[in-house]
Amino acid sequence: MEIEIIISELDFYLIEKVRELRIKSKPYLDQVTLAQRIGVSEGYIGRIENPKIQSKYNIRMLHRVSKALGLNSYDLLFPPKLLSNDLVKIRLKLKIQTKRKHEIDDAGNVVKRFDILSVKPLSENEQKRWNAKDKKNKLDYLRIL
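Values in this document were obtained by computation on a predicted structure and should not be read as measured data.

Conventions we followed
For every chain, the first residue of the written sequence is number 1, and numbering continues from 1 onward in sequence order. Two thresholds apply to this predicted model, a pLDDT of at least 70 for residue-level local features and 80 or more for giving and counting side-chain atom pairs, whereas whole-chain, interface and lining totals are computed over all residues. Computation of side-chain values: all heavy atoms of the structure, hydrogens and water removed. Geometry is summarised by axes, namely lines fitted to C-alpha atoms with helices restricted to the contacting stretch, and by angles between N-to-C directions that run from 0 to 180 degrees. Helix and strand assignments come from DSSP, with helices taken as H or I runs of at least 4 residues and strands as E runs of at least 2, each series counted from the N terminus. Angles are sorted into four bins: roughly parallel if under 35 degrees, roughly antiparallel if over 145, roughly perpendicular if 65 to 115, and oblique for all others. Should the near helix be turned counterclockwise from the far one by less than a right angle, the crossing is left-handed, whereas a clockwise turn marks it as right-handed. Only heavy atoms enter the contact rule, under which two residues are in contact if any of them lie within 4.5 Å. As a working rule, the residues Ala, Val, Leu, Ile, Met, Phe, Trp, Tyr, Cys and Pro are called nonpolar, Asp, Glu, Lys and Arg charged, and the rest polar, with Gly in that last group. Strand pairing requires that DSSP identify at least two bridges connecting the strands. One side-chain nitrogen of Lys or Arg within 4 Å of one carboxyl oxygen of Asp or Glu is enough to make a salt bridge. Exposed residues in this analysis have more than 50% of their type's maximum accessible area, buried residues have under 20%, and partly exposed residues fall in between, with area computed by a 1.4 Å probe over protein chains only. Think of it this way: a Phe, Tyr or Trp ring, Trp meaning its six-membered ring, pairs with another when their centres are within 6.5 Å, and the plane angle makes it stacked under 30 degrees, edge-to-face over 60, tilted otherwise. The criterion is that NZ of a Lys, or CZ of an Arg, lies within 6 Å of the ring centre and within 35 degrees of the ring normal, and then a charge sits over that ring. By nonpolar core we mean a set of buried residues, namely Ala, Val, Leu, Ile, Met, Phe, Trp, Tyr and Cys, connected to one another through side-chain atoms within 4.5 Å.

1. A word on the packing of helix 2 (residues 31–38) against helix 4 (residues 59–68)
Between helix 2 and helix 4, the least distance of the axes is 9 Å, while the angle of their chain directions is 110°. Taken together, the axis directions place helix 2 and helix 4 in an arrangement best described as roughly perpendicular. In this structure, helix 2 meets helix 4 at a crossing whose hand is right-handed. Taken together, the residues of helix 4 that come into contact with helix 2 (itself represented by L34, R37 and I38) are M61, R64, V65 and A68. Residue composition of the contact of helix 2 with helix 4, grouped by class: five nonpolar, no polar and two charged.

Here you go:
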């Protein structure tokens, strides 16, 4: 299945980075355990990590996640340099997951749940439509292709 989402490039980075750190933690930390450690509902992390749902971390939750993961610096969460774009349109090809527990490949990388087919900054017109109050002309967060 292919989908296209509109999201802040930084939000997308942070969601994927937290997921990677969660999966690589020793011992492995599932979504429910992380949610319990930061004091949110059991489905909170799952909603954020699901690209079909328009949820994201806020600064307070990133602080709590950092503590729950045992990080000693926020630098481990954020990209090493500023990202180029604010809002982007990301086209993803979702993979079918066969295992409940996430995998780490031979190189030590977390196996992705999707392939990124393209990342494009929103045009000025698309940004206006994204911010529009009128639902008729507003861009949708998710398109299933």
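Here the narrative resumes.
2. Quick look at the sheet that holds strand 4 (residues 142–144)
On the basis of which strands lie adjacent, the open sheet formed by four strands has the order 3-2-1-4 and antiparallel pairing. Two strands bound the open sheet, and with one partner strand each, they are strand 3 (114–121) and strand 4. Across the sheet, the axes of successive neighbouring strands diverge by a mean angle of 20°, strand direction being ignored. As paired strands, strand 2 (residues 87–94) and strand 3 are joined by seven bridges and run antiparallel to one another. From the neighbouring strand, I90 faces strand 3, where its bridge partner is V119. Where helix 1 (residues 9–24) meets the sheet, it contacts strand 1 (2–8), strand 2 and strand 3, and its direction lies at approximately 110° from that of strand 1.

3. Remarks on the pattern of salt bridges
Per the stated rule, a full pass over the model turns up nine salt bridges. Close ionic contact of E126 with K89 constitutes a salt bridge, the shortest N to O distance being 2.4 Å. Linking E126 in helix 5 (residues 124–131) with K89 in strand 2, this pair joins segments that are 37 residues apart in sequence. A salt bridge links K95 to D115, with the shortest nitrogen-to-oxygen separation between them at 3.5 Å. Placement of K95 in the loop between strand 2 and strand 3 and of D115 in strand 3 is noted, with a sequence separation of 20 residues between them. Exposure remark for K95: the relative accessible area of 38% places this residue in the partly exposed category. With relative accessibility at 35%, the residue D115 sits in the partly exposed group.

4. Some words on the packing of aromatic side chains
The full count for this structure, using the stated rule, is one aromatic pair. Considering the side-chain rings of F12 and F114, the 5.9 Å spacing of their centres and the 40° angle between planes classify their relative orientation as tilted. Of the two residues, F12 sits in helix 1 while F114 sits in strand 3, which places them 102 residues apart along the sequence. For the pair shown, F12 and F114 are each scored as buried. A cation over a ring is seen here: K138 above W130, with NZ or CZ 5.7 Å from the ring centre.

5. Quick look at the nonpolar core
Residues I5, I7, I38, Y44, Y57 and L92 are the most contacted members of the largest nonpolar core, which totals 35 residues. Setting aside chain neighbours within four positions, we find Y57 in contact with D11, I15, V18, Y44, I45, I48, L62 and V65.

6. Quick word on the environment of I15
If you trace the backbone, I15 turns up in helix 1. The class of I15 is buried, set by a relative accessible area of 6%. Expressed as a C-alpha distance, the spacing of I15 and N50, which sit 35 residues apart in the sequence, is 9.4 Å. Those residues within four positions of I15 in sequence are excluded, and the remaining contacts are I7, I48, E49, S55, K56 and Y57.

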